Each structure stands twice: as structure tokens, then as C-alpha cells.
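# A structural walkthrough
Here's the letter readout for the chains.
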Amino acid sequence: MLKRFLPAVTALMLAMMLVLAGCAKNSSEQATRLTGSGATFPQPLYTQWFAKYYNLTGVRIDYGGGGSGAGIAAIAQGIVNFAGSDALLTPTQLAAVEAAYGKIVTIPMTADAIPVVYNVQGVSSGLKLSGEVLANIYLGTITKWNDPTITALNPDLNLPDASITTIHRSDSSGTTNIFTNYLAKISPAWVSTIGGAGFGTTINWPTVANGSGIGAAGNAGVASALRQNPNSIGYVGLAYAIENNLPCIDLQNATGNFITPSVASTTVAANGFELPDDMRIMITNSAEATAYPIVGFTWLLVYENQTNQAKGQAIVDFLWWAIHDGQADAPGLHFAQLSSAAVAKAETLVKSIKYHGQSIYGS
């Protein structure tokens, strides 16, 4: 009798095993797929990281870009596992997100320069500006390339009698936040005109009001608009400037030196600051003699209290890899590696991420 039923029992057991295996596979795939959105500033680096990390671990990370404002909005709505941002959450934003989801951890990934780039007829290199002149260009009080304040800084250049077109980010942008944070530190006139702190992810640009300002979405959009508009000036991430062969202005720093944006001048910029434990710090206008003045960290914003253990583990593992092994990829893509001091602060922040009150790191 038993022999008669063995084939049926065996088939049933095999079918159950296949179903369970399929469920386990689907569960594993869901657990190891992370979603994020936000800053386009570090996207070239993130794209390489996510592809490399998938090949190493099988963890798939989908990142939507869209700008820092989009990332902040997404994490505030609880629809992503993490957000990329070059802008710190304002106290109001932070309070609202933390009221809904608990503490947000702000973990630095890399630092980058924001070159001021230009397309000036007859001038292919060597253009110099001070921070005050740059602020006045974006205020619309300096409107010609041969303005005396510009020619005084560039006596060897034949600057055209041409109107200046300013290009800015039209989307909510962490790159804009860093750029305008620098202008706010340099120019009281900028702060009084813009209002508030004088910086943010979105700005009411004075040059739009007078018809000389153009908005473009994303770093790539600004680079494209610059190429299409003669006698224009804009700002992008260093990688975008280099990859698009955009000439960069040598910008006067806090010590009076004119500095070309580069990985080296970005790396040294953070040395002029004491880093806080929460790493919520802007590092524009460094006091270091060889620092490029418009430099900022870019961060991943992560919920400290994870609600899915597997996804929480995947996030922690990726973050630990990114602030250690992943740093080797940064210079080749024109980003600065985190300093040892910044890595130490980041390690503590990663270890603070929890599931049910217990640190996920090392679990």
C-alpha cells in the first residue's frame, strides 16, 4: 500500500519545495532591492558604485536622480529607502520628517567642487573672477563682460562688449544650495537682495527679473544651456565641467589666491573646518590657501530606525562599503575622497542605524 502512494507523495513534496524555493527567491529579491532619488551632482559616481556593488553582492540599487529637492521630498514622504542630497535639510524640514519617521542620519559620501563655467566669445581659458564680482553678475548689477571690475581682474584678456547671460538650475537643487551658500558668505548685497539666509535649493534669481537669466534642469541641462548661449556663465559639478570640456573660471579664494577647480583643490577645502559629529556642515569659502572656494559634501539621507530588517542590513552594508572601498572610485570620476576624519564621523553615523532599537552594523 505504501509503495503505491510513494510516487504521489514524492511529487507533492517536490512541488511544495519548488513553491517554497520560489517564494524565498522572490522575498530575497525584494529584500535586496533598494530605491533612492535625489542629487544629480554625484550621480556619475553613484552610477558606477551601484553597478559595481550589484556585481559584488547582488543588491540592486535603483536611483532616480531628479535633484536634491526631489530626494528630500521623497524621503519626507517615506517613498524611498534613502535620498541623495547636496543640501542639508532645513530645521523645519528635519522636524517634519523626524516627526513622521524618526531621526534622519546625514552621511557624507564624497565632496565635489562646483566650477563656475563660461562660454565667452574670444576667451577660451584664463578668466578670473572674485567672489564679489561673481555675486554681482548673478545679482544683475554687472551686465557686460568688459565691465571695469572684470577687466581689472583680467588685464591680459580681450573681453567682449557683450551682455552676460546667467544660467542657473531651474529645479530644486543641492548644487544651487552650495553655490548660493558661497555667494551669501561673500556678498552682503546678495543676502539682502535674496532675503533670509541668502541660499537654498531654489532661489528667486534677480537676473530672471531683468531678462538676462536662463534656468535649466540638472547639471547636464546647465552644461547644455551654456554651450547653446554665447557669452553665458553657469555652475555645474566638476565632473560635468570636465566631461563636457567647459572652461572654468579661476575663482579667488578666502586667502586671495585664484584657484582652478580640481580634485586636489576640492580635497583640501574640508581641511579648513572642524567637522561636527552629525556632519551637517557647509564647507564653502575654506580658509586653506590652495582650496577652491565653492566646495560641498554630498550626503545620503537615511532613516535611523529601519522598519525592514533585510533592507536595513542592505543599506548599512552598502554605506559601509561606499565610505571605505568605494572611495577609491572617486578621483577617477573627478570627486574628492572623504578625509580620514570625515570617514570616522561617517562610520559612527552608519553604526547608529537601527532595527528594533539595535544597531544593524555587525549583526
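These notes cover the structure that comes with them.

Reading the values: rules and limits
Residues numbered from 1 in each chain as written. Predicted model: local features only at pLDDT ≥ 70, side-chain atom pairs only at ≥ 80, totals over all residues. Heavy atoms only, no water. Helix = DSSP H or I, 4+ residues; strand = E, 2+ residues; numbered from the N terminus. Expected span 1.5 Å × (residues − 1). Contact = heavy atoms within 4.5 Å. Polar contact = N/O pair within 3.5 Å; in protein donor to acceptor, adjacent residues only side chain to side chain. Core = buried A, V, L, I, M, F, W, Y, C linked by side-chain atoms within 4.5 Å. Buried < 20%, exposed > 50% of the residue type's maximum accessible area, 1.4 Å probe, protein only. Axes fitted to C-alpha atoms, helices over the stretch in contact; angles between N-to-C directions. Parallel < 35°, antiparallel > 145°, perpendicular 65-115°, else oblique. Nonpolar A, V, L, I, M, F, W, Y, C, P; charged D, E, K, R; others polar. Salt bridge = Lys/Arg side-chain N within 4 Å of Asp/Glu carboxyl O.

This brings us to helix α2 (residues 43-57). The end-to-end C-alpha distance of α2, which contains 15 residues, comes to 20 Å, matching closely the 21 Å that a straight helix rising 1.5 Å per residue would cover. Of the surrounding secondary structure, the elements contacted by the buried residues of α2 are β2 (60-66), β3 (82-85), β4 (104-113), β12 (295-303) and α13 (309-323). G58 sits one or two residues past α2 and shows a positive phi near 85°.

Take the side chain of D171 next. Relative to the helices and strands, D171 resides in the loop between β7 (165-169) and α7 (174-186). Within the structure, the side chain of D171 is placed 2.7 Å from the side chain of R169, a separation counted as a polar contact. With residues near it in sequence (within four places) discarded, D171 still touches G66, G67, T201, T202, A216, A217 and G218.

Generally speaking, soluble globular proteins have nonpolar side chains that are buried together. Residues I107, L134, I233, I294, F297, F318 and L319 are the most contacted members of the largest nonpolar core, which totals 98 residues. Among the elements that make up this core, the one with the highest residue count is α13 (8 residues). Non-local contacts of L319, meaning those with residues more than four positions away in its chain, are made with I107, M109, L300, V302, V350 and I353. In this structure, V222, A223, Y240 and A241 belong to the second largest nonpolar core, which totals 11 residues.

Moving on, we come to the environment of D277. In this structure, D277 sits in the loop between α12 (263-267) and β12. Judged by its relative accessible area of 59%, D277 falls in the exposed class. In the structure, D277 is positioned 72 residues away from L349 in sequence and 8.2 Å away in space, judged by C-alpha atoms. Not counting the four nearest positions on each side in its chain, D277 is found in contact with K345 and L349.

Turning our eyes to something else, we now look at the side chain of S286. For S286, the location among the structural elements is in the loop between α12 and β12. Among the polar contacts made by the side chain of S286, one reaches the main-chain carbonyl oxygen of A269 at a distance of 2.8 Å. At 3.2 Å, the side chain of S286 forms a polar contact with the backbone nitrogen of E288. S286 has contacts with A254, V268, A269, G272, F273 and A291, leaving out every residue within four places of it along the chain.

At a minimum axis distance of 10 Å, the contact between α13 and helix α14 (residues 340-351) shows a crossing angle of 175°. Classified by the interaxial angle, the pair formed by α13 and α14 is roughly antiparallel. Where α13 abuts α14, its residues V316, L319, W320 and I323 lie against V343, A346, E347, V350 and K351. Looking at the contact of α13 with α14 residue by residue, the class counts come to 7 nonpolar, no polar and 2 charged.

Our focus in this paragraph is the pattern of salt bridges. For the coordinates displayed, the defined rule picks out 6 salt bridges. For D161, the salt bridge identified is with K144, shortest N-O distance 3.9 Å. Within this pair, whereas D161 is found in the loop between α6 (148-153) and β7, its partner K144 is found in the loop between α5 (131-139) and α6, the two being separated by 17 residues in sequence. Judged by its relative accessible area of 31%, K144 is partly exposed. Two residues, R169 and D171, come together in a salt bridge whose shortest N-O distance is 2.7 Å. By the burial criterion, R169 is buried, and D171 matches it.

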